[in-house]
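# Structural characterization, general
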Amino acid sequence: MIIKHGGMWPVLETDAPAKPTVSPTKPKQKEDDELDERVKRIIREIPDPTPQPGGE
Amino acid sequence: MIRPVGIETEYGLNCEGFREEIDFGYEASMVVRAARVEGAFRGWDYSREDPYLDLRGTRAERLERDPKDLRDSTAKSSKMSAAELLANTVLPNGARYYNDHNHPEYCTETCTSLKELVAQDKAGEHLLWTCQQARNESARDGRVLVVKNNTDYHGRSYGTHENYLVPRELPFQRLVDGLLPFLTARQVLVGAGKVGCEGPVAGETLFQLSQRADFFEEKVGINTTARRPIFNTRDEPHAAKADWRRLHVIAGDANRSEYVTALKAGMTGMVLDALVEGVDFETDLRDPVRAVKDYSRDPGLRATAETKSGKDVTALDVMEGYLEVLESRGAEGEERSWVLRQWRELLDLLRSDRAGAGDRLDWMAKWNLMEELGGVGGLDEATRRKLDLAYHLVDPELSLYDSLVESGKMRRLVSDAAIEAAAGDPPTGTRGAVRGLILRRFGEHVTNMEWDSVTLTLDGRRFEVKMEEVLGDVVDRLDRIFTEAPDMAAAIADIKSGGKGR
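About the thresholds
Residues numbered from 1 in each chain as written. Chains lettered and ligands numbered in written order. Predicted model: local features only at pLDDT ≥ 70, side-chain atom pairs only at ≥ 80, totals over all residues. Heavy atoms only, no water. Helix = DSSP H or I, 4+ residues; strand = E, 2+ residues; numbered from the N terminus. Rg over C-alpha atoms; globule rule 2.2 N^0.38 Å. Contact = heavy atoms within 4.5 Å. Axes fitted to C-alpha atoms, helices over the stretch in contact; angles between N-to-C directions. Parallel < 35°, antiparallel > 145°, perpendicular 65-115°, else oblique. Left-handed = near helix turned anticlockwise from the far one by under 90°. Nonpolar A, V, L, I, M, F, W, Y, C, P; charged D, E, K, R; others polar. Pairing = 2+ DSSP bridges. Buried < 20%, exposed > 50% of the residue type's maximum accessible area, 1.4 Å probe, protein only. pLDDT = per-residue confidence, 0-100. Core = buried A, V, L, I, M, F, W, Y, C linked by side-chain atoms within 4.5 Å. Buried area = accessible area lost by both parts, 1.4 Å probe. Salt bridge = Lys/Arg side-chain N within 4 Å of Asp/Glu carboxyl O. Polar contact = N/O pair within 3.5 Å; in protein donor to acceptor, adjacent residues only side chain to side chain.

## Re the overall build of chain B
When you go through chain B residue by residue, the secondary structure sums to 16 helices and 18 strands. Here the C-alpha radius of gyration of chain B, 22 Å, is about what a compact globule of 502 residues would show, namely 23 Å. If one aligns the C-alpha atoms of chain B with their principal axes, the spans along those axes are about 70 × 60 × 50 Å. A fraction of 70% describes how many contacts in chain B between residues 6 or more apart in sequence connect residues 24 or more apart.

Put into structure tokens, the structure is as follows:
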């Protein structure tokens, strides 16, 4: 994503989300599979973010 | 020894399944009051606090409130006394734990070691998790998930503040000029990452570096709950006012990464060290308020901001400039050397192989995780937000940060044993150690506490032990007195006699 300073607020170009350099692909390990499963379980179990008061 | 620093974190409460309208004040209070910590003191002395005092030498007539803030129910909290609602607690490790603006807040004691700071901060996370469990086991209504982040993703923010002790003789404008570009750009290393965009000037960003950047509207100011400034001017030193300022940094995120917590405090402390010693970083930005958002909203790290001399600089450029000045000065001590090494290594990684910084940087860890699951742009918004929220949950069974740690994808800086010890022991060498010592040995005599004093009662008489120095001779002397005195009367007598040359 490239941000250009227009006359008002920065103009967001919509080419694609900025993407960090991709690391060399490593073979998937058992730990990765376990992490994937864990992430999927967590996403199923937790609610959407709910409104809260501001703070400080 | 690093520049004295403490971190205060307002935790979020993600509430679900409530039959009645949620009373956040009540819920925050119940979470804090769920703490079962032996030797804690319940109470706080507000008599000398004045958040209206401004570093610029004035006193604000009022502090801004966000007119769009959530107006929550007060059905339960209105029936509580102020003491019940605020639930002020001083823990044996010197930390303050209470309900601040409807959020449980954990404030570490002042630390002079980065590892101690991380351990104290992590002890707070663990405490909040135990409180979440206790609250959910005992409450009749709803489930509360405690989250160490800074946004509800609905346009409202709560803070994570760092507090640095700096000499008052350092001119205010020099402090502002020297720090503003740094505070604007440091998110490239210490941002916690956020899905989406919100706040007064929202854009269409899918993912950004910082949880907080969206909410900054001014360069310099005293407000903290609305019109938030990058440089906050609150002047409550909680120490000898003639000698010290407490630099109240509100332009920072709630970090889960131990490396980032240490790096954030270490880098900022070293910039302050240099400013105190007269170093000029010769960096400025024409519009930091715009830059803080531009930098945050471009995880590609190509966004630039204009300097006053007309040069376009990225956040990496700004951080490189600060680092080069500090590298040229050299580092005193092991921890400062560590900070410079990590700062250099991570900047280089962000320029060459950014994904490789994901084993230390919160925002990059989140990004990598989303990439593995289909890409930030490929995931639907609801999943992205849940992933973001889950990263910050303090429940290790539900936390994505903890999942990454367990799978060996995030580096640790302190051991579980150090965190467990920090839950009971204050950081060493500061007045926090004295506060903890007094609580441990003479807790039954304590009738009030604040950051720079402890009030003790003995035989119907009150004695206020002033601790206006954060560290040094007076603190060392008090430490020896409260360690060696056989009882409270002997300690008081020793203090009144001037410590008998201790």
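## Observations regarding the packing of helix H15 (residues 473–484) of chain B against helix H16 (residues 488–496) of chain B
Residues and elements named next belong to chain B. With their axes 8 Å apart at the nearest point, H15 and H16 run at an angle of 150° to one another. Regarding the angle of H15 to H16, the classification is roughly antiparallel. In the crossing of H15 with H16, the sense of the turn from one axis to the other is right-handed. Here Leu478, Ile481 and Phe482 of H15 lie close against H16, whose contacting residues are Met488, Ala491, Asp494 and Ile495. Tallied by class, residues from the contact of H15 with H16 come to 6 nonpolar, no polar and 1 charged.

## Focus: the sheet that holds strand E16 (residues 446–450) of chain B
Through backbone hydrogen bonds, the strands of a sheet pair up, either in parallel or in antiparallel fashion. All names here are of chain B. Strand order in the open sheet formed by 3 strands is E16-E17-E18, with antiparallel pairing between adjacent strands. Each edge of the open sheet is held by one strand with a lone partner, namely E16 and strand E18 (461–466). On average, each strand axis in the sheet is tilted by 15° relative to the strand beside it, whichever way the strands run. As defined by bridge partners, E16 adjoins strand E17 (residues 453–458) across 4 bridges and the pair is classed as antiparallel.

## Thoughts on the side chain of B:Thr151
Residues and elements named next belong to chain B. Along the chain, Thr151 falls in the loop between strand E7 (143–147) and strand E8 (160–167). Residue Thr151 is classed as buried on the basis of its relative accessible area, which comes to 1%. Thr151 has contacts with Arg156, Ser157, Tyr158, Lys194, Glu198, Gln211 and Phe215, leaving out every residue within four places of it along the chain.

## Details of the confidence of the model for chain B
In this model, chain B carries a mean pLDDT of 95, and residues with pLDDT of at least 70 account for 99%. Among the scores for the predicted complex, ipTM is 0.88 and pTM is 0.93.

## Here we look at the sheet that holds strand E6 (residues 103–107) of chain B
Residue and element names in this part refer to chain B. Within the open sheet, the 7 strands sit side by side as E3-E4-E5-E6-E1-E8-E13. Their pairing is antiparallel. Two strands bound the open sheet, and with one partner strand each, they are strand E3 (41–42) and strand E13 (244–249). In terms of strand pairing, strand E5 (residues 96–100) meets E6 through 5 bridges, oriented antiparallel. Paired with Arg96 across the bridge in E6 is Cys107. Its contacts with the sheet put helix H6 (residues 258–276) on strand E1 (5–10), E8 and E13, and the angle it makes with E8 is roughly 25°.

## A look at the nonpolar core
Residue and element names in this part refer to chain B. Of all hydrophobic cores here, the largest spans 128 residues; its most connected members are Tyr97, Leu179, Leu189, Phe231, Tyr295 and Trp343. In terms of residues, this core owes the most to one element, H6, which gives 11 residues. If near-sequence neighbours (up to four positions away) are discounted, Leu189 is found in contact with Val260, Met267, Met319, Trp343, Leu346, Leu347, Leu350 and Leu361. Counting residues in each nonpolar core, the second largest holds 27 residues, with Cys107, Met449, Leu456 and Phe463 among its members.

## Topic: the interface of chain B and chain A
Tallying the contact residues gives 74 residues for chain B and 36 residues for chain A. Across the interface of chain B and chain A, roughly 4,600 Å² is buried in total on both sides, 57% from carbon and sulfur atoms. Here chain B is connected to chain A by 5 salt bridges. Measuring nitrogen to oxygen at the nearest pair gives 2.7 Å for the salt bridge that ties B:Arg212 to A:Glu56. On inspection of chain B and its partner chain A, the count reaches 24 residue pairs in polar contact (both at pLDDT 80 or more). Those elements giving two or more residues to the side of chain B that touches chain A turn out to be strand E2 (12–16), E7, helix H7 (288–296), strand E14 (304–306), helix H10 (362–372), helix H11 (381–392) and helix H12 (400–406) of chain B. In terms of residue class, the side of chain B that touches chain A is made up of 27 nonpolar, 22 polar and 25 charged.

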